[in-house]
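# Summary of the model geometry
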Amino acid sequence: RGTLAVAAHIAHNTPSAANFVEYARIVKQRSVARRVIAAAHIMSERLRDGDSLDEVLAQGQQAWIALEAEGLDARKRYRFVREILPEAIDGIDRRFNREVVLGFDTGLPSLDKFIPGICAGHMVVIAGAPGSGKTTLGLGIAERVALVAKSTSLVFSLEMTDVELTNRSLASVGSVQLKHITEGHSMADNDWPGLTAAVSKLDGAPLIFCDDASLTMRDIRQICRTVKREHGLGSVTLDYIGLVNGESKSASRYEQVTDISKSIKRLAKELGVPVMVLAQLNRGPSNRANKRPTKSDLRDSGQIEADADVVVLVHRDSESEEGQSGVTELIVDKNRHGETGFCRVQHQGAYHRFAELVGYQPSNEEVEMGRTFAGRHRTKGAKHESF
(Lines give C-alpha, C1' and ligand atoms only; values in the text may rest on other atoms or scores of the structure.)
Protein backbone atom coordinates (compact mmCIF):
# COMPACT_ATOMS: atom_id res chain seq x y z
CA ARG A 1 0.00 0.00 0.00
CA GLY A 2 2.85 2.38 0.81
CA THR A 3 4.52 1.72 -2.56
CA LEU A 4 1.33 2.40 -4.44
CA ALA A 5 0.81 5.62 -2.53
CA VAL A 6 4.30 6.87 -3.39
CA ALA A 7 3.82 5.90 -7.05
CA ALA A 8 0.50 7.74 -7.17
CA HIS A 9 2.07 10.82 -5.60
CA ILE A 10 4.92 10.81 -8.17
CA ALA A 11 2.52 10.36 -11.09
CA HIS A 12 0.31 13.19 -9.82
CA ASN A 13 3.17 15.66 -9.44
CA THR A 14 5.11 14.78 -12.61
CA PRO A 15 4.56 17.43 -15.35
CA SER A 16 2.87 16.15 -18.48
CA ALA A 17 5.02 15.74 -21.60
CA ALA A 18 2.22 17.43 -23.50
CA ASN A 19 3.42 20.79 -22.13
CA PHE A 20 7.12 20.30 -22.81
CA VAL A 21 7.28 23.31 -25.19
CA GLU A 22 6.04 25.66 -22.48
CA TYR A 23 8.42 24.14 -19.91
CA ALA A 24 11.34 24.56 -22.33
CA ARG A 25 10.38 28.21 -22.83
CA ILE A 26 10.37 28.83 -19.07
CA VAL A 27 13.76 27.15 -18.64
CA LYS A 28 15.22 29.23 -21.48
CA GLN A 29 13.83 32.50 -20.13
CA ARG A 30 15.23 31.81 -16.68
CA SER A 31 18.59 31.00 -18.23
CA VAL A 32 18.58 34.31 -20.13
CA ALA A 33 17.51 36.10 -16.93
CA ARG A 34 20.52 34.71 -15.08
CA ARG A 35 22.80 35.92 -17.91
CA VAL A 36 21.22 39.38 -17.76
CA ILE A 37 22.03 39.54 -14.04
CA ALA A 38 25.59 38.40 -14.75
CA ALA A 39 26.04 41.01 -17.52
CA ALA A 40 24.75 43.76 -15.23
CA HIS A 41 27.17 42.62 -12.52
CA ILE A 42 30.10 42.72 -14.99
CA MET A 43 29.16 46.26 -16.12
CA SER A 44 28.89 47.39 -12.52
CA GLU A 45 32.34 45.95 -11.70
CA ARG A 46 33.95 47.56 -14.75
CA LEU A 47 32.57 50.97 -13.84
CA ARG A 48 33.87 50.58 -10.28
CA ASP A 49 37.28 49.71 -11.73
CA GLY A 50 37.31 53.03 -13.59
CA ASP A 51 36.65 51.81 -17.16
CA SER A 52 35.31 54.35 -19.68
CA LEU A 53 31.55 54.89 -19.40
CA ASP A 54 31.16 55.02 -23.22
CA GLU A 55 32.99 51.70 -23.66
CA VAL A 56 31.00 49.98 -20.94
CA LEU A 57 27.70 51.29 -22.37
CA ALA A 58 28.64 50.25 -25.92
CA GLN A 59 29.54 46.70 -24.90
CA GLY A 60 26.55 46.54 -22.58
CA GLN A 61 24.20 47.58 -25.35
CA GLN A 62 25.51 44.81 -27.61
CA ALA A 63 25.02 42.31 -24.79
CA TRP A 64 21.46 43.51 -24.13
CA ILE A 65 20.53 43.23 -27.82
CA ALA A 66 21.87 39.66 -28.01
CA LEU A 67 20.17 38.63 -24.78
CA GLU A 68 16.92 40.32 -25.76
CA ALA A 69 16.86 38.38 -29.03
CA GLU A 70 17.40 35.11 -27.16
CA GLY A 71 14.65 35.94 -24.70
CA LEU A 72 12.03 36.61 -27.38
CA ASP A 73 9.47 33.98 -28.30
CA ALA A 74 10.58 32.87 -31.77
CA ARG A 75 7.02 31.90 -32.68
CA LYS A 76 6.07 35.62 -32.68
CA ARG A 77 8.82 36.67 -35.09
CA TYR A 78 7.25 35.34 -38.28
CA ARG A 79 3.78 34.81 -39.76
CA PHE A 80 2.30 32.69 -42.54
CA VAL A 81 0.78 34.67 -45.39
CA ARG A 82 -2.69 33.39 -44.41
CA GLU A 83 -2.26 35.27 -41.12
CA ILE A 84 -1.19 38.47 -42.91
CA LEU A 85 -3.90 38.49 -45.60
CA PRO A 86 -6.74 39.80 -43.37
CA GLU A 87 -4.57 42.73 -42.28
CA ALA A 88 -3.55 43.48 -45.90
CA ILE A 89 -7.14 43.34 -47.20
CA ASP A 90 -8.36 45.49 -44.32
CA GLY A 91 -5.69 48.08 -45.19
CA ILE A 92 -6.80 48.13 -48.84
CA ASP A 93 -10.43 48.53 -47.80
CA ARG A 94 -9.65 51.39 -45.39
CA ARG A 95 -7.59 53.22 -48.01
CA PHE A 96 -10.33 52.68 -50.62
CA ASN A 97 -12.86 54.26 -48.26
CA ARG A 98 -10.33 57.03 -47.46
CA GLU A 99 -10.37 56.16 -43.78
CA VAL A 100 -6.57 56.22 -43.85
CA VAL A 101 -3.99 57.52 -46.32
CA LEU A 102 -0.98 55.68 -47.70
CA GLY A 103 1.51 58.09 -46.14
CA PHE A 104 2.35 61.75 -45.67
CA ASP A 105 2.20 64.01 -48.71
CA THR A 106 5.01 66.43 -49.49
CA GLY A 107 2.85 69.51 -50.04
CA LEU A 108 4.04 69.63 -53.68
CA PRO A 109 1.41 67.98 -55.93
CA SER A 110 3.88 67.63 -58.81
CA LEU A 111 6.22 65.61 -56.57
CA ASP A 112 3.34 63.66 -55.02
CA LYS A 113 2.51 62.29 -58.49
CA PHE A 114 5.68 60.22 -58.21
CA ILE A 115 5.53 59.62 -54.45
CA PRO A 116 1.87 59.10 -53.47
CA GLY A 117 2.91 59.00 -49.82
CA ILE A 118 5.97 59.18 -47.58
CA CYS A 119 5.25 55.77 -46.09
CA ALA A 120 5.94 54.16 -42.73
CA GLY A 121 9.13 52.12 -42.63
CA HIS A 122 10.58 53.78 -45.71
CA MET A 123 13.98 55.43 -45.94
CA VAL A 124 13.66 58.51 -48.16
CA VAL A 125 16.91 60.13 -49.25
CA ILE A 126 16.87 63.81 -50.24
CA ALA A 127 20.21 64.75 -51.78
CA GLY A 128 21.71 67.77 -53.44
CA ALA A 129 24.73 70.01 -53.73
CA PRO A 130 25.33 72.61 -50.98
CA GLY A 131 22.79 75.41 -51.31
CA SER A 132 20.51 73.47 -53.65
CA GLY A 133 17.61 73.42 -51.18
CA LYS A 134 17.70 69.88 -49.77
CA THR A 135 17.28 71.20 -46.22
CA THR A 136 14.41 73.39 -47.40
CA LEU A 137 12.62 70.38 -48.88
CA GLY A 138 13.30 68.09 -45.92
CA LEU A 139 12.24 70.66 -43.32
CA GLY A 140 9.19 71.58 -45.40
CA ILE A 141 7.95 67.99 -45.38
CA ALA A 142 8.70 67.69 -41.65
CA GLU A 143 6.68 70.86 -40.99
CA ARG A 144 3.79 69.47 -43.03
CA VAL A 145 3.74 66.23 -41.06
CA ALA A 146 3.42 68.23 -37.83
CA LEU A 147 1.10 71.03 -38.98
CA VAL A 148 -1.20 69.27 -41.44
CA ALA A 149 -1.14 65.60 -40.39
CA LYS A 150 -0.87 66.61 -36.70
CA SER A 151 1.69 63.86 -36.18
CA THR A 152 4.90 64.18 -34.20
CA SER A 153 7.78 65.13 -36.48
CA LEU A 154 11.30 64.71 -35.11
CA VAL A 155 14.11 66.60 -36.87
CA PHE A 156 17.81 65.97 -36.19
CA SER A 157 20.04 68.79 -37.41
CA LEU A 158 23.78 68.29 -37.10
CA GLU A 159 24.47 71.43 -39.13
CA MET A 160 22.16 74.15 -37.76
CA THR A 161 20.93 75.11 -34.31
CA ASP A 162 17.34 74.58 -33.21
CA VAL A 163 16.84 78.37 -33.16
CA GLU A 164 17.96 78.63 -36.80
CA LEU A 165 15.55 75.85 -37.74
CA THR A 166 12.73 77.56 -35.85
CA ASN A 167 13.45 80.83 -37.65
CA ARG A 168 13.22 79.01 -40.99
CA SER A 169 9.91 77.47 -39.99
CA LEU A 170 8.60 80.88 -38.96
CA ALA A 171 9.59 82.29 -42.36
CA SER A 172 8.03 79.40 -44.27
CA VAL A 173 4.78 79.17 -42.34
CA GLY A 174 4.27 82.91 -41.86
CA SER A 175 5.37 84.10 -45.33
CA VAL A 176 7.90 86.40 -43.71
CA GLN A 177 11.30 86.84 -45.31
CA LEU A 178 13.93 84.88 -43.42
CA LYS A 179 16.31 87.83 -43.72
CA HIS A 180 13.86 90.05 -41.84
CA ILE A 181 13.48 87.47 -39.07
CA THR A 182 17.23 86.95 -38.80
CA GLU A 183 18.08 90.66 -38.78
CA GLY A 184 15.15 91.72 -36.62
CA HIS A 185 15.56 95.44 -37.30
CA SER A 186 14.36 95.02 -40.90
CA MET A 187 10.95 93.64 -39.90
CA ALA A 188 8.29 95.70 -41.68
CA ASP A 189 4.78 96.48 -40.43
CA ASN A 190 3.25 93.93 -42.80
CA ASP A 191 5.60 91.19 -41.49
CA TRP A 192 4.21 91.13 -37.98
CA PRO A 193 0.76 89.62 -38.76
CA GLY A 194 2.43 86.75 -40.65
CA LEU A 195 4.93 86.19 -37.84
CA THR A 196 2.15 86.21 -35.24
CA ALA A 197 0.14 83.68 -37.25
CA ALA A 198 3.21 81.44 -37.64
CA VAL A 199 3.92 81.55 -33.91
CA SER A 200 0.31 80.56 -33.21
CA LYS A 201 0.52 77.57 -35.57
CA LEU A 202 3.94 76.37 -34.47
CA ASP A 203 3.32 76.86 -30.76
CA GLY A 204 0.96 73.90 -30.62
CA ALA A 205 2.63 71.83 -33.34
CA PRO A 206 4.21 68.42 -32.53
CA LEU A 207 7.47 69.49 -34.18
CA ILE A 208 10.63 68.51 -32.31
CA PHE A 209 14.19 69.66 -33.06
CA CYS A 210 17.45 68.10 -31.86
CA ASP A 211 20.60 70.04 -32.76
CA ASP A 212 23.25 67.95 -30.96
CA ALA A 213 26.17 67.78 -33.42
CA SER A 214 27.89 64.93 -31.56
CA LEU A 215 25.21 62.34 -32.25
CA THR A 216 25.95 58.74 -33.20
CA MET A 217 23.35 56.30 -34.50
CA ARG A 218 23.09 54.85 -31.01
CA ASP A 219 22.09 58.30 -29.71
CA ILE A 220 19.64 58.86 -32.56
CA ARG A 221 18.03 55.48 -31.99
CA GLN A 222 17.64 56.14 -28.26
CA ILE A 223 16.11 59.59 -28.80
CA CYS A 224 13.69 58.24 -31.42
CA ARG A 225 12.53 55.48 -29.07
CA THR A 226 12.07 57.97 -26.22
CA VAL A 227 10.06 60.39 -28.36
CA LYS A 228 7.87 57.58 -29.72
CA ARG A 229 7.22 56.25 -26.21
CA GLU A 230 6.42 59.65 -24.67
CA HIS A 231 4.85 61.60 -27.55
CA GLY A 232 4.15 59.19 -30.40
CA LEU A 233 6.10 59.52 -33.65
CA GLY A 234 5.05 60.22 -37.22
CA SER A 235 8.30 60.88 -39.05
CA VAL A 236 12.03 61.40 -38.55
CA THR A 237 14.27 63.76 -40.54
CA LEU A 238 18.07 63.58 -40.39
CA ASP A 239 20.11 66.54 -41.69
CA TYR A 240 22.47 65.16 -42.79
CA ILE A 241 23.95 61.65 -42.91
CA GLY A 242 27.49 62.81 -43.67
CA LEU A 243 27.72 64.52 -40.27
CA VAL A 244 26.64 61.55 -38.14
CA ASN A 245 29.55 60.32 -36.06
CA GLY A 246 30.67 56.75 -36.60
CA GLU A 247 30.77 54.44 -33.58
CA SER A 248 33.84 52.52 -34.76
CA LYS A 249 36.86 54.82 -34.59
CA SER A 250 39.07 52.33 -36.44
CA ALA A 251 36.79 52.07 -39.50
CA SER A 252 37.16 54.26 -42.59
CA ARG A 253 34.57 56.95 -43.22
CA TYR A 254 33.15 54.87 -46.09
CA GLU A 255 32.66 51.92 -43.72
CA GLN A 256 31.16 54.17 -41.05
CA VAL A 257 28.59 55.70 -43.44
CA THR A 258 27.79 52.22 -44.77
CA ASP A 259 26.97 51.07 -41.22
CA ILE A 260 25.04 54.27 -40.50
CA SER A 261 22.91 53.82 -43.64
CA LYS A 262 22.07 50.22 -42.72
CA SER A 263 21.17 51.34 -39.19
CA ILE A 264 18.83 54.04 -40.52
CA LYS A 265 17.03 51.53 -42.72
CA ARG A 266 16.58 49.17 -39.76
CA LEU A 267 15.45 52.08 -37.56
CA ALA A 268 12.72 53.09 -40.03
CA LYS A 269 11.34 49.56 -39.99
CA GLU A 270 11.62 49.21 -36.21
CA LEU A 271 9.85 52.51 -35.51
CA GLY A 272 7.26 52.04 -38.24
CA VAL A 273 7.71 55.62 -39.49
CA PRO A 274 9.32 57.19 -42.56
CA VAL A 275 12.88 58.40 -42.04
CA MET A 276 13.95 61.21 -44.37
CA VAL A 277 17.71 61.31 -44.76
CA LEU A 278 19.46 64.32 -46.24
CA ALA A 279 22.69 63.65 -48.10
CA GLN A 280 25.29 65.44 -50.18
CA LEU A 281 26.47 64.66 -53.69
CA ASN A 282 30.00 64.14 -54.91
CA ARG A 283 31.58 66.31 -57.61
CA GLY A 284 30.43 64.09 -60.48
CA PRO A 285 27.59 66.36 -61.72
CA SER A 286 29.90 69.38 -62.01
CA ASN A 287 32.01 67.46 -64.54
CA ARG A 288 29.04 66.69 -66.82
CA ALA A 289 27.64 68.91 -69.55
CA ASN A 290 24.07 69.13 -68.18
CA LYS A 291 25.21 68.93 -64.53
CA ARG A 292 22.09 66.90 -63.70
CA PRO A 293 22.84 64.50 -60.81
CA THR A 294 21.93 60.83 -60.56
CA LYS A 295 21.59 58.56 -57.56
CA SER A 296 25.07 57.17 -58.19
CA ASP A 297 26.43 60.62 -57.28
CA LEU A 298 25.51 60.18 -53.61
CA ARG A 299 28.53 60.98 -51.49
CA ASP A 300 30.39 58.80 -48.94
CA SER A 301 28.85 55.37 -49.59
CA GLY A 302 26.94 53.48 -52.27
CA GLN A 303 25.05 51.78 -49.45
CA ILE A 304 22.85 54.89 -49.11
CA GLU A 305 21.51 54.33 -52.63
CA ALA A 306 21.04 50.61 -51.95
CA ASP A 307 19.12 51.11 -48.69
CA ALA A 308 16.88 53.96 -49.86
CA ASP A 309 13.27 53.26 -50.85
CA VAL A 310 13.10 56.66 -52.55
CA VAL A 311 15.87 58.97 -53.74
CA VAL A 312 14.96 62.59 -54.53
CA LEU A 313 17.74 64.72 -56.02
CA VAL A 314 17.42 68.49 -55.70
CA HIS A 315 19.01 70.23 -58.69
CA ARG A 316 19.14 73.90 -59.60
CA ASP A 317 21.32 75.10 -62.46
CA SER A 318 22.77 78.30 -61.04
CA GLU A 319 24.26 79.23 -64.44
CA SER A 320 20.90 79.33 -66.23
CA GLU A 321 18.38 82.16 -66.09
CA GLU A 322 15.73 79.79 -64.74
CA GLY A 323 18.04 78.51 -62.03
CA GLN A 324 18.92 82.02 -60.94
CA SER A 325 15.20 82.76 -60.58
CA GLY A 326 14.77 79.73 -58.32
CA VAL A 327 13.44 77.10 -60.75
CA THR A 328 14.51 73.74 -59.29
CA GLU A 329 14.28 70.18 -60.53
CA LEU A 330 13.23 67.49 -58.08
CA ILE A 331 14.51 64.27 -59.64
CA VAL A 332 12.96 61.05 -58.33
CA ASP A 333 15.80 58.76 -59.41
CA LYS A 334 14.80 55.73 -57.34
CA ASN A 335 11.35 54.67 -56.25
CA ARG A 336 10.74 51.11 -55.08
CA HIS A 337 6.97 51.54 -55.11
CA GLY A 338 6.29 53.94 -57.96
CA GLU A 339 7.55 55.72 -61.04
CA THR A 340 10.75 57.69 -61.48
CA GLY A 341 11.04 61.01 -63.28
CA PHE A 342 11.27 64.65 -62.32
CA CYS A 343 9.21 67.77 -61.82
CA ARG A 344 10.05 71.44 -61.60
CA VAL A 345 9.18 73.60 -58.63
CA GLN A 346 9.90 77.14 -57.50
CA HIS A 347 12.43 77.67 -54.75
CA GLN A 348 11.27 80.64 -52.70
CA GLY A 349 14.53 81.21 -50.93
CA ALA A 350 13.38 84.33 -49.11
CA TYR A 351 10.74 82.25 -47.31
CA HIS A 352 12.78 79.04 -47.13
CA ARG A 353 10.25 76.86 -48.97
CA PHE A 354 9.30 75.34 -52.31
CA ALA A 355 6.10 76.09 -54.20
CA GLU A 356 4.45 74.83 -57.38
CA LEU A 357 5.27 76.48 -60.69
CA VAL A 358 2.41 77.96 -62.68
CA GLY A 359 1.84 78.08 -66.46
CA TYR A 360 4.83 76.03 -67.60
CA GLN A 361 4.68 74.17 -70.93
CA PRO A 362 7.35 71.50 -71.60
CA SER A 363 9.55 71.83 -74.66
CA ASN A 364 9.47 69.29 -77.51
CA GLU A 365 12.80 67.95 -76.33
CA GLU A 366 11.44 67.40 -72.83
CA VAL A 367 8.33 65.66 -74.19
CA GLU A 368 10.50 63.34 -76.28
CA MET A 369 12.53 62.52 -73.16
CA GLY A 370 9.32 61.46 -71.42
CA ARG A 371 9.78 64.02 -68.67
CA THR A 372 6.86 65.20 -66.57
CA PHE A 373 6.80 68.74 -65.30
CA ALA A 374 4.80 70.89 -62.99
CA GLY A 375 4.04 74.50 -63.83
CA ARG A 376 6.58 77.18 -64.59
CA HIS A 377 7.21 80.59 -63.05
CA ARG A 378 5.20 82.06 -60.26
CA THR A 379 4.79 85.82 -60.33
CA LYS A 380 7.87 87.40 -58.81
CA GLY A 381 7.37 88.07 -55.13
CA ALA A 382 4.11 86.10 -54.95
CA LYS A 383 3.44 84.41 -51.65
CA HIS A 384 2.39 80.82 -51.25
CA GLU A 385 0.45 79.63 -48.23
CA SER A 386 1.93 76.24 -47.45
CA PHE A 387 -0.27 75.21 -44.54
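Described in the following lines is the structure provided in the data block. (Residues numbered from 1 in each chain as written. Predicted model: local features only at pLDDT ≥ 70, side-chain atom pairs only at ≥ 80, totals over all residues. Heavy atoms only, no water.)

A few words on helix α7 (residues 162–174). Helical periodicity: at 3.6 residues per turn, an α-helix aligns residues three or four positions apart in one direction. With 13 residues, α7 should cover 18 Å at 1.5 Å per step; its first-to-last C-alpha distance of 18 Å lies within 8% of that length. When α7 is considered as a whole, its buried residues turn out to be L165, S169, L170, A171, S172, V173 and G174. Those residues of α7 hidden inside the fold are in contact with α6 (134–147), β2 (153–157), α8 (178–183), α9 (191–203), β3 (207–210) and β9 (353–356). Count one or two residues on from α7 and you reach S175, which has phi positive near 55°. (Helix = DSSP H or I, 4+ residues; strand = E, 2+ residues; numbered from the N terminus. Expected span 1.5 Å × (residues − 1). Buried < 20%, exposed > 50% of the residue type's maximum accessible area, 1.4 Å probe, protein only. Contact = heavy atoms within 4.5 Å.)

On to the side chain of D307, then. Position of D307 among the secondary structure elements: in helix α12 (residues 303–307). One buried charge, D307, has no salt-bridge partner; the nearest side chain with opposite charge is R336, at 5.9 Å. Excluding anything up to four places from it in sequence, D307 contacts M123, S261, K262, K265 and R336. (Lys, Arg positive; Asp, Glu negative; His and termini not counted. Salt bridge = Lys/Arg side-chain N within 4 Å of Asp/Glu carboxyl O.)

So, on to the pairing of strand β4 (residues 235–239). In terms of burial, β4 is a largely internal element, five of the five residues being buried. Burial along β4 is two-sided: S235, T237 and D239 facing one way and V236 and L238 facing the other are all buried. Direction of pairing for β2 relative to β4: parallel, over a ladder of five bridges. If you follow L154 over to β4, its bridge partner there is V236. Sheet topology places β4 next to strand β5 (residues 275–280); three bridges connect them, and they run parallel. The partner of V236 across the bridge, within β5, is V275. (Pairing = 2+ DSSP bridges.)

Membership of the largest hydrophobic core comes to 35 residues, with the highest contact counts inside it found for V125, F156, I220, C224, V236, I241 and I264. Within the residue set of this core, elements represented by two or more residues are β1 (123–128), β2, α10 (217–231), β4, α11 (253–271), β5 and β6 (310–315). Broken down by element, the residue count for this core peaks at six residues, all from α11. Apart from residues lying up to four places away in sequence, C224 is in contact with L154, F156, L233, V236, L267 and L271. Within the second largest apolar cluster, 22 residues are counted, among which are L108, L137, V312 and F354. (Core = buried A, V, L, I, M, F, W, Y, C linked by side-chain atoms within 4.5 Å.)

Moving on: the sheet that holds β6. Spatial ordering of the open sheet is given by β3-β2-β4-β5-β1-β6-β7-β8-β9, a layout of nine strands whose pairing is mixed. Only two strands of the sheet have a single neighbouring strand rather than two, namely β3 and β9. For this sheet the average axis-to-axis angle between neighbouring strands, irrespective of direction, equals 25°. Two strands pair when backbone bridges link them, and strand β8 (residues 341–348) and β9 are joined in this way by four bridges, in the antiparallel orientation. Directly across from V345, in β9, lies its bridge partner E356. Against the sheet, α10 engages β2, β3 and β4, with an angle of about 155° to β2. (Axes fitted to C-alpha atoms, helices over the stretch in contact; angles between N-to-C directions.)

Burial of β2 is extensive: five of the five residues sit out of reach of the surface. Burial along β2 is two-sided: the face carrying S153, V155 and S157 and the face carrying L154 and F156 are both buried. Pairing geometry for β2 and β3, over four bridges, is parallel. Each bridged residue has a counterpart across the sheet, and for S153 the counterpart in β3 is L207.

Note that T237 resides in strand β4. Separated by 82 residues in sequence, T237 and V155 have C-alpha atoms that sit 4.6 Å apart. For T237, the contacting residues outside a window of four places in its chain are G138, A142, L154, V155, F156, M276 and L278.

With that settled, consider α10. Helix length check: α10 (15 residues) gives 20 Å between terminal C-alpha atoms against 21 Å at 1.5 Å per residue, within 8%. Of the residues trailing α10, G232 is marked for its positive phi of about 80°.

Following both chains from N to C, one finds α6 and α7 inclined at 75°, their axes separated by 11 Å at the closest point. By the criterion of interaxial angle, the relationship of α6 to α7 is roughly perpendicular. The residues of α7 that touch α6, namely those facing T135, L139, E143 and L147, are L165, R168, S169, S172 and V173. (Parallel < 35°, antiparallel > 145°, perpendicular 65-115°, else oblique.)

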